[in-house]
Amino acid sequence: MKDYQNYVNGQWVSSAKTLTIYSPINDEKLGTVPAMSQEEVDVAMAAARKALPAWRALSAYERAQYLHKAADILEERKDQIGEILAKEVSKDIKASISEVDRSAHLIRYAAEEGLRVYGSSLEGGTYEPAAKSKISLIRREPVGVVLAIAPYNYPVNLSASKIAPALIGGNVVMFKPPTQGSISGLLLAQAFAEAGLPAGVFNTITGRGSEIGDYIIEHPEVNFINFTGSTPIGQKVGKLAGIRPIMLELGGKDAAVVLEDADLDHTAKEIVSGAFSYSGQRCTAIKRVLVMDAVADQLAAKLQAEVEKLTVGDPFENKDITPVIDESSALFIEGLVQDAQKKGAVELTPYKREKNLIWPTLLDHVTTDMEIAWEEPFGPVLPIIRVSSLDEALTICNQSEYGLQSSIFTSNYPLAFDFASKLEVGTVHINSKTQRGPDNFPFLGVKGSGAGVQGIKYSIEAMTKVKSVVFDIQ
Ligand code: NAP
Ligand code: G3H
């Protein structure tokens, strides 16, 4: 049990108020983090603003050295940080360590990618006679102070994926970790601090989003908001941001569409891994299966067999299904299951809950009048919806308020590409589960799933802006 501090202007600082962080696994007290006041946020924002000119004046090569150092520190401490992360967000220990490792690799990749941010030039080419003597030098400049806000389910990785591209692009960063996940976030901050970043370049803000969130979003020093979290909070962030640029990565209701000619053994394995890893608490988790009637019985039996193999329990025993983040989330999930049960869904694996631990639940014969067909449970529950045509599958996919990803399982590639072009989502996977990685690919949601494009190169582009300097050669 430790009292953690915020990193502000190169110093570790406390606040008068603190929040105690408990483990969702067993209520163990893990430590306290500061609940920052508005005045303390102002001090941190001013420090960031002051640090900006010198940081952006460095070459990308010089900035990259700090990122490589931070990545080295993270890698050295992956076991230690992974252990806290596992306790803090109830993620299995192997996946927790691998989250830290993935983040170190992502930071290194961002450092390298930052070296390849090239400018360009254009010669005037419009109808005015004066155009032909004009040349534009087009450079990319940092946007300024970036506010990075991350969700609980990847407190290290979805923080690093904002911080590293922002820093290499010449920006300074205000980082607000999720409250449940803030200790892990502060350990990530420690790696950047120990990498020797100049004071003020990287600062942290802890405190409940419901208390400090609006204040930091509306803060006049913030030039860019990079937010990952739920759709309702993302919508609020969008409204408060005004005309400032934002990146929003929000919720999803990813579908796995299974056609008659799919390899059903492979499909069932991919779907179960995609739906149930980290107990379904991933934006990219498969959250519904849309299967053609002709192969529905066969697929359902294979899915059932795979789900029955999943182990349930302690993250430190690397169980597949671990307690969800809190009891109120578990009750929300239970409400969706009860609604489906009432309306006639068939449980292929029985629903069972002990406090915030929910056994993996596979529901068959789900229909579109059930809430589980549309809502994001963020838990270990997978509905199967049987459809009679590809058109019906497309209609159900696109009726969703979300548009993150979808998978299609088929051996007919022309059909898969045609279907992909009609889906209202950011990414379509053919014959594999929905997932964010590889981290250098573009990652985005449309409709209620977000705005803007992440992915290392794309994040750097989003957090740098074009400056055009025009001169006349005559
Ligand atoms: P959340 O409740 O929306 O919280 C996300 C972050 O926003 C947390 O740091 C939270 O702080 C903060 N926050 C809360 N209220 C705020 C406000 N008024 N202003 C500013 N910040 C505020 O989401 P979550 O429960 O942590 O994460 C689960 C959700 O995130 C799911 O819907 C999931 O699909 C989505 N998600 C999407 C992606 C993607 O890339 N598309 C990735 C991961 C997760 P506190 O923790 O202090 O409340
Ligand atoms: O929760 C949302 C994450 O962006 C998902 O990432 O597909 O690598 O688990 P992942």
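An unreviewed UniProt entry lists the protein chain under the name NADP-dependent glyceraldehyde-3-phosphate dehydrogenase, with Streptococcus oriscaviae as the source organism. The UniProt entry for the protein chain carries the following comment under Sequence similarities (unreviewed entry): "Belongs to the aldehyde dehydrogenase family."

Engineer: Just give me the short version of the site of ligand 2, but keep the residues and values in it.
Structural biologist: By nearness alone, every residue bordering ligand 2 is listed as Arg102, Asn153, Tyr154, Arg282, Cys283, Thr284, Gln435, Arg436 and Phe443. Taking Arg282, its side chain carries an N or O atom lying 2.6 Å from an oxygen atom of ligand 2. With respect to ligand 2, the side chain of Arg436 contributes an N or O atom lying 2.7 Å from an oxygen atom. A total of 300 Å² of accessible area belongs to ligand 2 in isolation, and the protein chains cover 95% of it. When its residues are assigned to classes, the shell around ligand 2 shows 3 nonpolar, 3 polar and 3 charged. Viewed by domain, the shell around ligand 2 spans two of them, domain 1 (2-250 + 450-472) and domain 2 (254-439), each represented by three or more residues.

Engineer: Account for the UniProt feature "active site" (unreviewed entry) in the protein chain, naming residues and giving values.
Structural biologist: Residues given the UniProt feature "active site" (unreviewed entry) here are Glu249. The class for Glu249 is buried, based on a relative accessible area of 2%. Here Glu249 is in contact with Phe227, Thr228, Gly229, Phe443, Leu444, Gly445, Ser449, Gly452, Val453 and Gln454, once residues within four sequence places are set aside.

Engineer: Summarise the confidence of the model for the protein chain; cite the residues concerned and give the values.
Structural biologist: This prediction gives the protein chain a mean pLDDT of 98; 100% of its residues lie at or above 70. Per-element averaging of pLDDT across the protein chain places strand E6 (residues 120-123) at the bottom with 96 and strand E9 (residues 172-176) at the top with 99.

Engineer: I'd like a rundown of the pattern of salt bridges, residues and numbers included.
Structural biologist: Think of it this way: side chains of opposite charge can pair up when their charged atoms draw near. In the structure shown here, the tally under the stated rule is 26 salt bridges. Across the pair Lys467 and Glu141 runs a salt bridge whose closest N-O atoms are separated by 3.1 Å. Within this pair, whereas Lys467 is found in strand E25 (residues 464-472), its partner Glu141 is found in strand E7 (residues 134-142), the two being separated by 326 residues in sequence. Look at Glu141 and you get buried, because its relative accessible area is 16%. What you see here is one network of salt bridges that share partners, running through Glu28, Glu83 and Lys87.

Cut-offs applied
- Sequence order sets the numbering: in each chain, residues are counted from 1 along the sequence as written.
- Both sets of labels track the order of writing: A upward for chains, 1 upward for ligands.
- In view of the model being predicted, local features appear only for residues whose pLDDT reaches at least 70, and side-chain atom pairs are presented and counted only at 80 or more, with totals across whole chains, interfaces and linings using the full set of residues.
- Computation of side-chain values covers all heavy atoms of the structure but excludes hydrogens and water.
- UniProt positions are given in the numbering used here, feature names are shortened, and annotations may be inferred rather than shown by experiment.
- A single heavy atom is enough: if one lies within 4 Å of a molecule or strand, its residue is considered near that molecule or strand.
- For the purposes of these results, a polar contact is taken to be a pair of N or O atoms within 3.5 Å, where, inside protein, one atom must be able to donate a hydrogen and its partner to accept one; residues adjacent in sequence count only when each atom of the pair is a side-chain atom.
- Only the protein chains shown count as covering a residue, and every accessible area follows the Shrake-Rupley method with a 1.4 Å probe.
- Ten residue types, Ala, Val, Leu, Ile, Met, Phe, Trp, Tyr, Cys and Pro, are classed as nonpolar, four, Asp, Glu, Lys and Arg, as charged, and the remainder, Gly among them, as polar.
- The domain boundaries here were taken from an automatic or database domain assignment.
- For every residue, the accessible area obtained with a 1.4 Å probe (protein chains only) is divided by the maximum for its type, and the residue is called buried under 20%, exposed over 50%, and partly exposed between those limits.
- We call two residues contacting when some pair of their heavy atoms lies within 4.5 Å.
- Confidence scores here are pLDDT values: one per residue, from the predictor, ranging 0 to 100.
- Secondary structure elements follow DSSP: runs of H or I no shorter than four residues count as helices, runs of E no shorter than two count as strands, and numbering proceeds from the N terminus.
- In what follows, salt bridge is the name for a side-chain nitrogen of Lys or Arg lying within 4 Å of a carboxyl oxygen of Asp or Glu.

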